Structures are given as structure tokens and as C-alpha cells.
Amino acid sequence: MINKNKVIIKLLGLCVMFLGLSCNTFVSDKGINVRYPSDLEEFHKNVINYYLNYEINDDVINLLLENLQEDGSWSTIDYSNKVRGGWPVKNHVQHVQSLAIHYKNKTSSFYKDKDVSHKIHKALNYWLDNDFLSTNWHDQHIGVPELLLPTLFLMENELSKQQQDKAIVLLNRAKIKMSGQNKVWLSTNVLLRSLLLRKQDSVSIASKAIQDELKIANGVGVKSDWSYHEHGAQLQFGNYGLSYLEDMIKCYTFVNNTPFQFEDHKIEFLREYILKGQQWVIWNNTYDVNASGRQLFENEQEKKAVRLKRCLEQMKTLDTTHTKAYEDVLNTKTLLGNKHFWKSDFHVHRRQDFYFSVKMSSKRVVGTESVNQENIQGYYMGDGVALLSTHGEAYRNVFPFWDWKKLPGTTIIQDTSALPIIKFSGFKTNGTFVGGVCDGKNGIAVMNYNRDGLAAKKSWFMINDKVVCLGSGITTNSAFPVTTTINQSFLKGSVLVSENNSVKKTSRIGASQEINWVLHDQIGYLFPNQRQVKLSTQILEGSWNNVAKRYRPVILTENIFKLCLEHGKQPKNEKYEYILIPNASEDAMIHLNKNKPFKIVNSEAQQSVESNDGTWAGIVFYSEGLSEIYGGISVNKPCVLMLERKQDALVLSVSDPSHKLTEIEVNLKGHYAFEGSTYSKGQTQLTIQLPQGDQAGKSAQYRLSK
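Scoring rules and cut-offs
- Residue positions are given per chain, counted from 1 along the sequence in the order it is written.
- pLDDT decides what is reported in this predicted model: residues at 70 or higher carry local features, side-chain atom pairs at 80 or more are listed and counted, and totals for whole chains, interfaces and linings draw on all residues regardless.
- To get the side-chain values, take all heavy atoms of the structure and skip hydrogens and water.
- Under the DSSP-based scheme used, a helix requires at least four consecutive residues in state H or I and a strand at least two consecutive residues in state E, with every element numbered from the N terminus.
- C-alpha atoms define the radius of gyration, and 2.2 Å times the number of residues to the power 0.38 defines the globule rule.
- Each residue's exposure class comes from its accessible area (1.4 Å probe, protein chains only) as a fraction of the maximum for that residue type: buried when under 20%, exposed when over 50%, partly exposed otherwise.
- In what follows, a contact means two residues having at least one pair of non-hydrogen atoms within 4.5 Å.
- Computed with the Shrake-Rupley method and a 1.4 Å probe, the accessible areas treat only the protein chains shown as cover for residues.
- For this count, His and the chain ends are skipped, Lys and Arg are scored as positive, and Asp and Glu as negative.
- Charge coordinates come from a single atom per side chain, which is NZ of Lys, CZ of Arg, CG of Asp or CD of Glu.
- Buried Ala, Val, Leu, Ile, Met, Phe, Trp, Tyr and Cys residues that are joined via side-chain atoms within 4.5 Å together make up what is termed a nonpolar core.
- Note on geometry: axes are C-alpha line fits, over the in-contact stretch for helices, and angles between N-to-C directions span 0 to 180 degrees.
- Each angle gets one of four labels, with under 35 degrees taken as roughly parallel, over 145 as roughly antiparallel, 65 to 115 as roughly perpendicular, and the rest as oblique.
- By convention, the crossing between two helices is left-handed when the near helix turns anticlockwise from the far helix through less than a right angle, and right-handed when the turn is clockwise.
- It is the directions from the helix axis to the C-beta atoms whose arc is reported.
- Any pair of Phe, Tyr and Trp rings, taking the six-membered ring for Trp, is counted once the centres come within 6.5 Å. Such a pair is stacked with planes under 30 degrees apart, edge-to-face with planes over 60 apart, and tilted for the rest.
- Two thresholds decide whether a charge sits over a ring: the Lys NZ or Arg CZ must be within 6 Å of the ring centre and within 35 degrees of the ring normal.
- Here, a strand pair is defined by DSSP locating no fewer than two bridges between the strands.

Participant: Give me the lowdown on the overall build of the protein chain, citing residues and values where you can.
Facilitator: A tally of helices and strands in the protein chain yields 14 helices and 32 strands. The C-alpha radius of gyration of the protein chain comes to 28 Å, within 12% of the 27 Å expected for a compact globule of 706 residues. Expressed along its principal axes, the backbone C-alpha trace of the protein chain runs to roughly 85 × 60 × 40 Å. In the protein chain, buried positions account for 60% of the 706 residues. In the protein chain, the proportion of contacts linking residues at least 24 apart, taken out of those at least 6 apart, comes to 67%. About 27,000 Å² of surface is accessible on the protein chain, with carbon and sulfur atoms providing 47% of the total. Separation between the mean location of the 82 positive side-chain charges and that of the 72 negative ones in the protein chain comes to 2 Å.

Rendered as C-alpha cells:
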């Protein structure tokens, strides 16, 4: 029984994964003989064709029919289950929907099969008669109506009045309210319920409510940097934000070429959300863990990538004048560049052969959440988690084996207490100077970290094919040791370590050893000042049940690579420096160790990186001050600067991580021409006007002519 259930779930998962990929070909069914008013006729036709266009998999149906019992229930479902997240009881309604789709689709071997029709009614009645309720409002108001509606449309000409009346009671739980994706979910259910009831005015109201969410939101929803927020100021690209995109495209399809169709500027907004938002977090057919919210589930990064690519395929057929743009996104390595999402304290640096992201939090931005017993170990997931991928496999399903107090990129007190399980309101840090600067190619992320009695100034300088990671001012009174974790991933092959310029293969480094560099799984870790590094590679036990309670407590084992820097107990103004080298080789690491690629300053007041050839430099000023870079650069307020030297100009990018400043005065050694600047005693002084309002924290860029 258990094995059959697993097979059904897996096959259904595959079926859902590929929904809509064949959206160029619509299958009509003349056997659905129902009448709709002329203004609703095209809308109804779009809905029917949308559901009949689902991928057909008769193997799934054979299993469903095999496990359907005489009373209309499925032997594979525990109807007493009350789990809040991923409530499995509603699979019953999904199963009925799958039967109805195959029964009405001419390409299925179950098309118009009378026995299947009989079983659809039996299974539908079982649900309608019992009206199963979960403990999560979402299932009652959103999930169940959403799953039930396709069956009601496809089987409408066979339903009795009693069935229809009972179904409407369930559908009526959905009301147009709330905001963001919750409003879109609810409004879509109202839209389709109104169509089913032939209520044209209600259809119009619901369509408008859905389109009203295609805007830059003051609260939850799409933000001015094209990130997505839900549950407060919290990055939700892969959870609510991906569902938002899917449902908007679904509704766009439903009402296309009808009196309720999306307005042109709403379609443009949807396109911008894809091109300036969502496409940044898919790389090598994998969705970024840092952008996935609380949904750290099994195979979830691949599933989210498939869902996003399905959206792109659908947009190609709907928004036909921009087909090329969607095709470019479908090649998930096409986009190259650097972007700081200033509304979400989130930064992405991507090249064709690697992907890097940093997820931070502050007093403004919620780091993550633990809801419905999901992400129950994720207390530090917004505390500077920095993930580097060169092939997309390093973090695939690694979560059961993670030490959640040693997340990659973080600096954390290693106490012995269990991690708190709290909702999103508790996942902020006390930092106010958190943000980043970018010029589209390179960038700097900064996090003046302050949480649970630990302070640290952390920054990431993303320069072409390298990432320089700096930490200073690491201080706490805690009696427990403090650790900065460089990486924690699956062990792939051997580990090379250079100690005092002697290279060897090893599986462990004691904390007292001073290391030049480490090479593992195509990633090099260079330590410019020979730091005390701790390496371990060992088989660890883990369970998905420790990540989300929807999983059974099955114990798994995997070999895990862990690389850390130890700062000891009660550190005072400790620091670290390391450089990430994607797609590295032993020869490359030996060369970089002999020929350090950057000049680095790492103090409490300032962190800076300058390329050895002098063409690029970045500076984090934690207070007003002077940097020796380029002969001398000073500012009168805390900020982040990035400079690129060109033959005839100096390109200056500036941001205010506090989101509070209106202007910054910058003094540069040398004579540069810029409107409003002054030159005196060998220095150019200019006043930078910073973005305000919804743009506060965004990078401002200036080209200073020589």
C-alpha cells in the first residue's frame, strides 16, 4: 500500500511538473454541451481548453482507479491527517480532477469511459458529503476550491443539482480580500466560481481585482526592485512570488480575447517581473535556494525551475512580440551580470559558468520564516547565507545534512541550545547598515551584522570571476565559540589543501593549521593571510523530518564537505578574509597564491578591495573616512562605493545601505569633470544625490570624465 502511494505521488508530481508545456496545441472537446452567455462564451472556452491541455498520463489514472475504494475514497490517503503544510488529504480532490481531465480528453484511453465517469461521481460525492477540513485556512479558502473547480467545469453537463449545490458551498468560502498572492489566489477562485454561475458582473470584479495586483506594491507583492514580498518585507521569489507568476499567466490565458482581458500595461508589468525579477534566480535549470523562502523541500529547486520554465513557455504563446526575450530566459545561463535587490537585502552575481547569491536581513527586511512546520531549522537563513554553484548539484537536497548553525557565508555563535522555531516576525536582525551596490556587471554586498549578542561587519566583493569575502569587528561576550562557515555541501571527489605552499590530498584539517588554499568540487578557497581553517569530510546522518514535519523521520546518510574559520570564545574585533574562485584548478590556485589578485583592507571602519591592475576597486565605509585607493578617496557619511577606471573616465557607483541618507559628499584625488563638481588643490569634490522613497538603497551611477 505504501509503495503504491509513493508511485502515485511521484507520477502525479511528474504530471504536474510538465503541465502546460504543450500550450501551443489546444485540444477541444465538443462533448461538453453547456450553454454560456455570449460575453462569457469565449472565457468558458478558454477555461475548458486550458484544463484539457494538461499533460496526459494514463499510467497515473490506472493507479488511481486501482486504489479507489467502493465508498469513493482512496486507500492511499489518510483522511484523518491534520498536518498544516502540504495537507495530503486534498490529494483526493486532485485525484478527482485528474480523472476528469483524462475522461474529457480525446487523447486519453479513458476518454468518455463510462466506468471512469461512474468513479468520478463516486469520488466527488465522497468529498462533497464529508467536506474534509484542514487546520489551515488556506486549504479551505484557496486550495480545495482551486482543485475542485476544474472538475466542476469539465463534468458540468453530467453533474446533478445536488452535486452542484454542495460544491458551491465549498466554493463560496473564497472571498476577494487580503493582498499580494493570497488576494490573487482568492480572486481567481471567485473569478471561476462567477463564471460557473454565469455572473458576468462578478467576473468583471474578480478580473479587475486580479489585475490590480499587477503593480509595484506598497506592502506585499512586487517591489520596486522587482523582487517579491509576502508575510511582511520578506523575499518570497520562489514561494508566493512564483505562484503569483503562475496564477497571473493562468488568468491571462483564461480571459484572453474576452471583455475581461488583461490591459496592455498589465501584460508589460508581468513581462518586467519575469525579466527583471524571476529570471535572476534560475541558473543551470536550478532555482536559487536563497530565493526559495521556507520551501526547502526534496527536489524543490529543480521543481521550481521547471515551474518557472513552464511560465516562460506559456508567455511565449501569449506575449508573442517578446518571444525572443522569453527564449533567452529559457536558456538559464544566458543572463550575465550582477544585481542588488535593495528592497530585499538580496544580491546575485552570475556568469555563464557559476552562480553566487547572498541573502541578508536587517531591521527593514525579514530574513526568512518558519510556518506550517516548514523550515524549522532556518533561524539563520537570512544572516548572510552565501551560496556558490558551479554545476547546480552542490546544494541539491543537502538540507537534511546541514549543520544549521554553520550555514555557508554566516558568522554564528556555536551554542548548544536547539534553534528557536518562530514565525516570520522574529527573523529580523538589528542591523541598519545592510545593502549593496552594483553596476550591472559587478557588485558589493554589505551586512553590519547585529543579532543575539554577536556583532560582525561582513562584506562580499563580487568582481568578475571571483568573490572576496571579508569580516571584521567580530565581537561577542558569549562563552561559546564563534564560527564563520565558508561552505557546507556534498563531498564530490577529493579535497586538495595547500599548507605552507605544500599541496596534499586530505579529508580533515585541524583548527590550528594555517592554510594557503583549499580546492574542492571545482571551487577554490584562497586565504590571502593564511588563516586558521577547519575542514571536515565525513558521513553524516540526517532526516527530512528535521527540515519540515511533513516528512517521515527516515534516517539518511551522506558524505558532507564542511569548511570553516574558527574565531574562538568571546572574540573581540576578530576578522577573516577569503576569496572564492569558481571553476578553479590546482594550477590556478598555485598561481593565485603566488600572485595575489587583490589589495585588501579589512578594518572595523572600512573594508576595501582593489584589483592589482588598478582597473576596479570597491570600498565599504562604515563611517565617514578616507581610503588610500586611487591616491585618496574620502566620504562624509557611511556608504558603499564601487569604481571602475576607464581610459577617459572614472565610473563611480554609490549606494546607501541605511536607506536614510539624501546625499553624500565624495572627494577624489585628481581632476574629473562632472556637473556640479568642484576642483581644488588636486582634488575633485562632488555631492552625490541619492535615490529616495521606493528607490532608497538603489545604486546611483556617475561617469566622471578625466
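Participant: Now, about the nonpolar core: what can you tell me, with residues and values included?
Facilitator: Ranked by size, the top nonpolar core spans 104 residues in total, and within it F43, W74, F153, F237, Y244 and F262 carry the most contacts. Looking at which element gives the most residues to this core, the answer is helix α10 (residues 240–255), with 10 residues. The contact partners of Y244, leaving out residues within four places of it in the chain, are Q181, V184, E213, L214, K215, V222, Y228, F269 and Y273. V385, F527, L540 and L580 belong to the second largest nonpolar core, which has 63 residues in total.

Participant: Give me the lowdown on the packing of helix α3 (residues 58–67) against helix α4 (residues 91–104), citing residues and values where you can.
Facilitator: Following both chains from N to C, one finds α3 and α4 inclined at 125°, their axes separated by 10 Å at the closest point. With respect to α4, the axis of α3 lies oblique. Viewed along their axes, α3 and α4 form a crossing whose handedness is left-handed. On α4, the residues touching D58, I61, L64 and L65 of α3 are H95, S98, L99 and H102.

Participant: So what's going on with helix α7 (residues 161–171)? Residues and values would help.
Facilitator: Restricting attention to buried positions, one finds in α7 the residues Q163, A167, I168, L170 and L171. Relative to the axis of α7, the buried residues are bounded by an arc of 155° and lie together on one face. In α7, those exposed residues whose orientation departs by more than 90 degrees from the buried face are K161 and Q162. On its buried side, α7 packs onto α5 (114–130), α6 (137–154) and α8 (180–196).

Participant: Please provide a residue-by-residue account of the packing of aromatic side chains, values included.
Facilitator: According to the stated counting rule, one finds 32 aromatic pairs in the structure shown. Ring plane angle 90° and centroid distance 5.5 Å describe the contact between Y244 and Y273, whose orientation is recorded as edge-to-face. Linking Y244 in helix α10 with Y273 in helix α11 (residues 264–276), this pair joins segments that are 29 residues apart in sequence. The pair formed by Y244 and Y273 is uniform in burial state, with each residue classed as buried. Arranged with centres 4.9 Å apart and planes meeting at 90°, the rings of Y379 and Y380 form a pair that is edge-to-face. The exposure classification of Y379 matches that of Y380, with both residues buried. In textbook terms, an aromatic cluster arises when at least three aromatic residues are bridged by ring pairs, as seen for Y228, F237, Y244, Y273, F341 and F346. The ring of Y379 is capped by R451, whose NZ or CZ atom sits 3.9 Å from the centre of that ring.

Participant: Help me get a handle on the sheet that holds strand β7 (residues 354–359), residues and values and all.
Facilitator: Read from one edge of the open sheet, four strands run β5-β6-β7-β8, paired in antiparallel fashion. Looking along the sheet, the strands with just one partner apiece sit at the ends: β5 (337–341) and β8 (385–389). When strand polarity is set aside, the average angle formed by the axes of neighbouring strands in this sheet is 5°. For strand β6 (residues 346–351) and β7, the ladder comprises six bridges, and the chain directions are antiparallel. Each residue of the ladder has a partner; that of V348, found in β7, is S357.

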